[in-house]
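Results of the structural survey
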Amino acid sequence: MRAILLCAFVSGAALAVFQVASAAQSTRVVMYAPFGPGGLHSGYTVTAKMHGDCWTGSIASQRPDAWRCMVTNSIYDPCFSNAALSSVACPSDAFSKRVVLILLDKPIPVHDRNTGSPSPWALMLSNGARCYMATGATSEVGGMRLNYECSSKGWILGNPDKSKRPWQVFYSARPDGTHYARVSVRVAVL
């Protein structure tokens, strides 16, 4: 009886380890969604409320509800529109629920909305780096654009390799993007 219980315990522990290992093998894909039918979702915190306008689809996110917006001389990208297209929420950080709310002074130019498929505009890597799609001019290393600027002052070169599990990127801890290596993506924000 003791052998059966021991075998059951070992099998259960092995199954639990396998489940944890399997879960760790996938990149968690999150859709950033600040608005719902009733307005801003509960749990989101407005850090500032301002007036401004959006003039084109986002460069950082290819979603049709993502915009490039401006308040005085500051550009916010990406910003996500509510259903009425009367305001946008611009994340302070993709991995928090803190937003700048921009009340729009002009209608959003819906004819300039993005039509591509959603792609990640923020990535959290297995090394802890948080990386955001660069919307300005960058350099190229090894034939790959420095696409994502990271909190660690490093870069992600090119796009995530989604054929791997978990997704993989070429990451450089250096500000010039050189000396890069493959790193796993823990979280991808669309």
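Note: the structure precedes this text.
Reference entry: report on the structure contained in this document. None of the values given here were measured: they were computed from a predicted structure. (Residues numbered from 1 in each chain as written. Predicted model: local features only at pLDDT ≥ 70, side-chain atom pairs only at ≥ 80, totals over all residues. Heavy atoms only, no water.)

A look at the state of the cysteines
We count it as follows: Criterion for a disulfide: a pair of cysteine sulfur atoms at a distance within 2.5 Å. Put simply, DSSP marks the helices as runs of H or I at least four residues long and the strands as runs of E at least two long, and each gets a number from the N terminus on. Residue exposure (1.4 Å probe, protein chains only): buried if accessible area is under 20% of the type maximum, exposed if over 50%, otherwise partly exposed.
Enumeration over the complete set of coordinates arrives at three disulfides. Between the sulfur atoms of Cys54 and its disulfide mate Cys69 the distance is 2.0 Å. Taking the torsion about the S-S bond as the criterion, the Cys54 to Cys69 disulfide, at about 90°, is right-handed. Separated by 15 residues along the polypeptide, Cys54 in strand 4 (residues 45-57) and Cys69 in strand 5 (residues 66-71) bring together distant segments of the chain. Overall, the relative accessible area of 5% leaves Cys54 in the buried class. When the bonded cysteines of the protein are counted from the start of the sequence, the pairing works out to 1-2, 3-4, 5-6.

As for the sheet that holds strand 5
As a reminder, the rule being used: Strand pairing follows a simple DSSP-based rule, namely that at least 2 bridges must link the two strands. To get an axis, fit a line to the C-alpha atoms, keeping to the stretch in contact for a helix; angles then go from 0 to 180 degrees between the N-to-C directions.
Spatially, five strands are ordered 4-5-6-7-8 in a closed barrel, and the strand pairing comes out mixed. When strand polarity is set aside, the average angle formed by the axes of neighbouring strands in this sheet is 50°. Sheet analysis places strand 4 next to strand 5, joined by four bridges and oriented antiparallel. Bridge assignment links Cys54 to a residue of strand 5, and that residue is Cys69.

Things to note about the side chain of Ser81
Here is the rule we go by: Here a polar contact is recorded for every N or O atom pair within 3.5 Å, except that within protein the pair must consist of a potential hydrogen donor and a potential acceptor, and residues adjacent in sequence are included only if both atoms are side-chain atoms. It only takes one pair of heavy atoms within 4.5 Å for two residues to be counted as in contact.
Residue placement: Ser81 occurs in strand 6 (residues 74-81). Assessed through its relative accessible area of 11%, Ser81 is described here as buried. Only 3.2 Å separates the side chain of Ser81 from the side chain of Trp67, close enough to count as a polar contact. Not counting residues within four places of it along the chain, the set of residues in contact with Ser81 comprises Phe35, Asp65, Trp67, Ser87, Val88 and Ile108.

The values are spatial; any link to function lies outside them.
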